[in-house]
Amino acid sequence: MMITGLDHIAIAVPDLEKAISRFMEDFGLAFNGKEDVKSAKTSTAFFPLDKTQIELVHPLNGEGPIQKYIEKKGGGMHHLCFRSDNIEEDIERLTAKGYQFLSDAPTIGAHNCKVIFIHPKSCDGVLIELNQSMDH
Ligand code: CO
């Protein structure tokens, strides 16, 4: 039960296709495809890097939390995600230390991972996601 890596950094983007081109063509990163995450009301796009990835997040069907974020801020650094090897134990351990989460239990996010978000007020204003792959 521990954090095993920085899984990704997510950037909220008002125009997903334009941002994908920027990361592919302007920055030369490898594009690993898009995935709509209905549970989170987001369209995501991933650019794997050595041991981490950049995640672009965009509102799915113009609604959800990312839509609200973009309306308020225009775009920006949205969250950090730490990879866990036992997310339930980490939630229990952090809850016991007084951390608040945005949901009571993990949900299924992009790449078939269990995901949960720690409330930004528990982490000096930074939104932190924990994830655990269910593929192995
Ligand atoms: Co994420």
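Residues numbered from 1 in each chain as written. Predicted model: local features only at pLDDT ≥ 70, side-chain atom pairs only at ≥ 80, totals over all residues. Heavy atoms only, no water.

**Student:** Hey, could you go over the coordination of the cobalt ion for me, with residue numbers and the actual values?
**Tutor:** A four-donor tetrahedral metal ideally has 109.5 degree angles, and a six-donor octahedral metal ideally has angles of 90 or 180 degrees. Every protein donor of the cobalt ion is listed here as His8 (NE2), Glu55 (OE), His79 (NE2) and Glu129 (OE), and their distances to the metal cover 2.1 to 2.4 Å. Around the cobalt ion, the 4 donor atoms are arranged such that angles at the metal cover 76 to 164°; this shape is classified as irregular. If you list the donors of the cobalt ion from N- to C-terminus, the spacing comes out as H-x46-E-x23-H-x49-E. Of this pair, histidine 79 sits in strand E5 (residues 76-84) while glutamate 129 sits in strand E8 (residues 128-133); the two residues are 50 residues apart in sequence, bridging distant segments of the chain. (Donors = N, O, S within 2.8 Å, 3.2 Å for Na, K, Ca; no water. Tetrahedral: all angles 85-135°; square planar, octahedral: opposite > 155°, others 65-115°. Helix = DSSP H or I, 4+ residues; strand = E, 2+ residues; numbered from the N terminus.)

**Student:** Residues and numbers for the sheet that holds strand E4 (residues 52-59), please.
**Tutor:** Strands sit in the order E2-E3-E4-E1-E5-E8-E7-E6 across an open sheet of 8 strands; the sheet is mixed. Each having just a single partner strand, strand E2 (34-37) and strand E6 (107-108) make up the two edges of the open sheet. Pairing of E5 with E8, which is carried by 4 bridges, proceeds in the parallel orientation. Looking across to E8, one finds that leucine 80 is bridged to isoleucine 128. Lying on the sheet, helix H2 (residues 65-73) is in contact with strand E1 (3-12), strand E3 (42-49), E4 and E5; it crosses E4 at an angle near 85°. (Pairing = 2+ DSSP bridges. Contact = heavy atoms within 4.5 Å. Axes fitted to C-alpha atoms, helices over the stretch in contact; angles between N-to-C directions.)

**Student:** Describe the environment of alanine 12, listing the residues and the values that go with them.
**Tutor:** Examined against the element boundaries, alanine 12 turns out to sit in strand E1. On the basis of relative accessibility, which here comes to 2%, the residue alanine 12 falls in the buried class. Those residues in contact with alanine 12 that lie beyond four places of it in its chain are Val57, Ile66, Tyr69, Ile70, Gly75, Gly76 and His78. (Buried < 20%, exposed > 50% of the residue type's maximum accessible area, 1.4 Å probe, protein only.)

**Student:** Which residues make up unusual backbone geometry, and what values do they have?
**Tutor:** Here the phi dihedral of histidine 111 falls at roughly 60°; this positive angle occurs in a residue that is not glycine. Looking at the secondary structure, you find histidine 111 in the loop between E6 and strand E7 (113-118). Unusually for a residue other than glycine, asparagine 112 sits at a positive phi of about 55°. Here asparagine 112 is to be found in the loop between E6 and E7.

**Student:** Residue-level account of H2, with values.
**Tutor:** Regarding H2, the residues found buried are Ile66, Tyr69 and Ile70. End-on view of H2: buried residues confined to an arc of 95°, all on one side of the axis. The outward face of H2, more than 90 degrees from its buried face, is lined by the exposed residues Pro65, Lys68, Glu71 and Lys72. Residues of H2 that are buried in the fold lie against E1, E3, E4 and E5. (Arc of directions from axis to C-beta.)

**Student:** Summarise the packing of aromatic side chains; cite the residues concerned and give the values.
**Tutor:** This structure, assessed with the given rule, holds 3 aromatic pairs. Judged by centre distance (5.0 Å) and plane angle (85°), the ring pair of phenylalanine 23 and phenylalanine 27 falls under edge-to-face. Note on phenylalanine 23: relative accessible area 9%, which makes it buried. These aromatic residues form a ring-pair network of at least three members: Phe23, Phe27, Phe31 and Phe47. (Phe/Tyr/Trp six-rings, centres within 6.5 Å; stacked < 30°, edge-to-face > 60°.)

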